[in-house]
Amino acid sequence: MKKSLLLLGVTLNCLAAEPTSVRQAELRHLLKNDCGACHGLTLHGGMGPALLPETLKGKPDEFLVSTILNGRKGTPMPPWKPFMNADDAHWLVNILRQGPQ
Amino acid sequence: MKNRLPLLLGLLLTFNANAELRATGDLGIIIEREAGSALIIDTTEHKQLARIDKLGDLSHASVVFSRDQRFAYIFGRDGGLSKIDLLQDKLDKRIVQAGNSIGGAISQDGTLIAVSNYTPGGVKIFSADTLELVADIPAEYADGKLSKVVGLVDAPDQRFVFSLFDAGEIWTIDMSTPKKPKIEKFKNVGKFPYDGLITSDGRFYIAGLFGESGLSLLDLWEPEKGIKRILPDYVKPDEQLPVYKMPHLEGWAVADDYIFVPAIGKNEVLVIDKQSWKLVKAIPVAGQPVFVMARPDGRQVWVNFATPENNKLQVIDVKGLDLQSTLTPGHAVLHMEFTPRGENVWVAVRDDDQVLVYDTHTLKEIAHLPAQKPNGVFFTSRANKIGF
């Protein structure tokens, strides 16, 4: 019971439905390879900035989700909306906040 | 003792006969991005000779070769510079020279290795022999800020040329006197040069622009004439498609009288006339081109693509300037490399954990080698080419 309440809390906290485990694997693959092409395999940065918990600290979830989905004008960051929905982007932001596994 | 001598001699002879003599002219390196390792391969036998581990973060990597083709220098994402001995299958030397790095070049005379860095932004130059630091050139622009450096190449007269991504500048460094690097700066070359290349004759340096349409050209025979802009009106800002992977210009595609470059923000390969620097044709292709590489004889140009079209390879017929064929080598086709005279092309297919070898005449697969998440293939024949 305690566990399911906790799970409920997590879900509410990110206001998004958790992607299925298959989808999560796809997103992790995308993060490593496609995001990683510019931000680095270890997310320590490259042409794009580092995406480590400390560099993302202070940046609100909404801002990061919007950056992922819509890109950033005037920078090389493209919109990833064609490849994922808001739930996916929220999930990715949570993964980034946890740091490299 | 007397009896043993023939035995000993015999043993020595056998030993000599068994010790395999090896040349390095048909060898190469395959980069395994996640494992941080490199395979030494034989391009004639289509086989792996050795694996060298512990080369750091190779999620982005490139390789140059010593002029005697014995050593490979691998530039890793994490600022690592590793010198591999292809004859002895071992790591000869390794340094970590910066926090974040993108590529490198070897000098005309083979004595210097230059590395282009993102963090701290600049170029560092090392002795090819010892990997000791020879020169440190921060890419300083406005208010002491450091720019990421891209598109670093070697050029004749012991020079290096590179572009400053954040500053929109192109610099040349003359290393004729290693202790006194002579730097020449070209400013306002265009917004966000993302990569650069040099023609195989060492005359023209071209930077591709990400922040605006077109390319920037520097004639190294007449640097005093400054930068010339090519195709400045080619892509209108409102019609530019998002770019899901930065193209590379290293695989310099010069074929016939044309230069073939990836269009930024359009699913096209641009064909530019090398005399007039005007657009001859825009060839529609399957996706956003990443590498556009000419077969060494210039008869074909091979193109790979950014996600989601990165399962394909397309071949352009240079005679007709149109698509000849579309291949589907597998999942995540990241890089390709031609054998010195172009009869084969080796293709790194990351998510299938293999490298495929194609016959470029029949376009049939003739061999494949296992490799863990391969992202780059580099042959020793690069040793003798300007800009590689």
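Attention here is on the structure that accompanies the text.

## Considering the nonpolar core
Reasoning step 1: Judged by nonpolar contacts, the single largest core of 39 residues is most densely connected at A:Met84, B:Trp302, B:Met336 and B:Val347.
Reasoning step 2: Those elements that place two or more of their residues in this core are α2 (21-39), α4 (61-70) and α5 (86-98) of chain A together with β26 (289-294), β28 (313-317), β30 (333-338), β31 (344-349) and β32 (354-359) of chain B.
Reasoning step 3: No other element matches the 6 residues that α5(A) contributes to this core.
Reasoning step 4: One finds A:Met47, B:Val150, B:Tyr234 and B:Val261 within the second-largest nonpolar core, a separate group that totals 27 residues.

## Thoughts on the interface of chain A and chain B
Reasoning step 1: Facing 20 residues of chain A, the contacting portion of chain B comprises 20 residues.
Reasoning step 2: For the pair chain A and chain B, the summed buried surface comes to about 1,700 Å²; carbon and sulfur atoms form 58% of the total.
Reasoning step 3: For the pair chain A and chain B, the number of links is 1 salt bridge.
Reasoning step 4: Across the salt bridge formed by A:Lys32 and B:Glu34, the nearest N and O atoms sit 3.2 Å from each other.
Reasoning step 5: In this structure, the connection of chain A to chain B is made through 6 residue pairs in polar contact (both at pLDDT 80 or more).

## Regarding the sheet that holds strand β14 (residues 149-155) of chain B
In sheet architecture, strand pairing relies on hydrogen bonds along the backbone and comes in two forms, parallel and antiparallel.
Residues and elements named next belong to chain B.
Reasoning step 1: Spatially, the 4 strands line up as an open sheet ordered β14-β15-β16-β17, and their pairing is antiparallel. Of all strands in the sheet, those with a lone pairing partner are β14 and β17 (182-186), marking the two edges. Between one strand axis and the next, the sheet turns through 20 degrees on average, direction left out of account.
Reasoning step 2: Relative to strand β16 (residues 169-174), strand β15 (residues 159-164) is paired through 6 bridges, and the arrangement is antiparallel. Directly across from Ser163, in β16, lies its bridge partner Ile170.

## Examining the pairing of β26(B)
Residues and elements named next belong to chain B.
Reasoning step 1: With respect to burial, β26 is a largely interior element, 6 of its 6 residues being buried.
Reasoning step 2: Here β26 runs beside strand β27 (residues 300-305); their pairing, made up of 4 bridges, is antiparallel. Residue pairing for β27: Pro289 is matched across the bridge by Phe305.
Reasoning step 3: Where β26 folds back on β27, the antiparallel hairpin that results is connected by 5 residues, among which Gly298 adopts a positive phi of roughly 80 degrees.

## Description of the environment of B:Asp233
Reasoning step 1: Here B:Asp233 shows up in the loop between β21 (227-230) and β22 (253-255).
Reasoning step 2: With 125 residues separating them along the chain, B:Asp233 and B:Gln108 place their C-alpha atoms 35 Å apart.

Conventions and cut-offs
One numbering rule holds for all chains: residues counted from 1, following each sequence as written. Throughout, the order in which chains and ligands are written sets their labels, letters from A for the former and numbers from 1 for the latter. It should be noted that, the model being predicted, local features are given only for residues of pLDDT at least 70 and side-chain atom pairs only at 80 or more, the latter also being counted only at that level, while totals for whole chains, interfaces and linings use all residues. Based on all heavy atoms of the structure, the side-chain values leave hydrogens and waters out of the count. Here, nonpolar core refers to any group of buried Ala, Val, Leu, Ile, Met, Phe, Trp, Tyr and Cys residues whose side-chain atoms link them within 4.5 Å. Burial here depends on accessible area, computed with a 1.4 Å probe over protein chains only, as a share of the maximum for the residue type. Under 20% is buried, over 50% is exposed, and the range in between is partly exposed. For helices the rule is a DSSP run of H or I covering at least 4 residues; for strands it is a run of E covering at least 2, with both sets numbered from the N terminus onward. For this analysis, residues touch if any pair of their heavy atoms sits within 4.5 Å. A simple way to read buried area is as the amount of 1.4 Å-probe accessible surface that goes missing from two parts once joined, with both sides added. Throughout this description, the term salt bridge denotes a Lys or Arg side-chain nitrogen within 4 Å of a carboxyl oxygen of Asp or Glu. For this analysis, a polar contact is any N or O atom pair within 3.5 Å, provided that within protein one partner can donate a hydrogen and the other can accept it, and provided that sequence-adjacent residues contribute only side-chain to side-chain pairs. When DSSP finds two or more bridges between two strands, those strands count as paired. Interaxial angles span 0 to 180 degrees and are taken between N-to-C directions of axes, which are lines fitted to C-alpha atoms, for helices over the stretch in contact.

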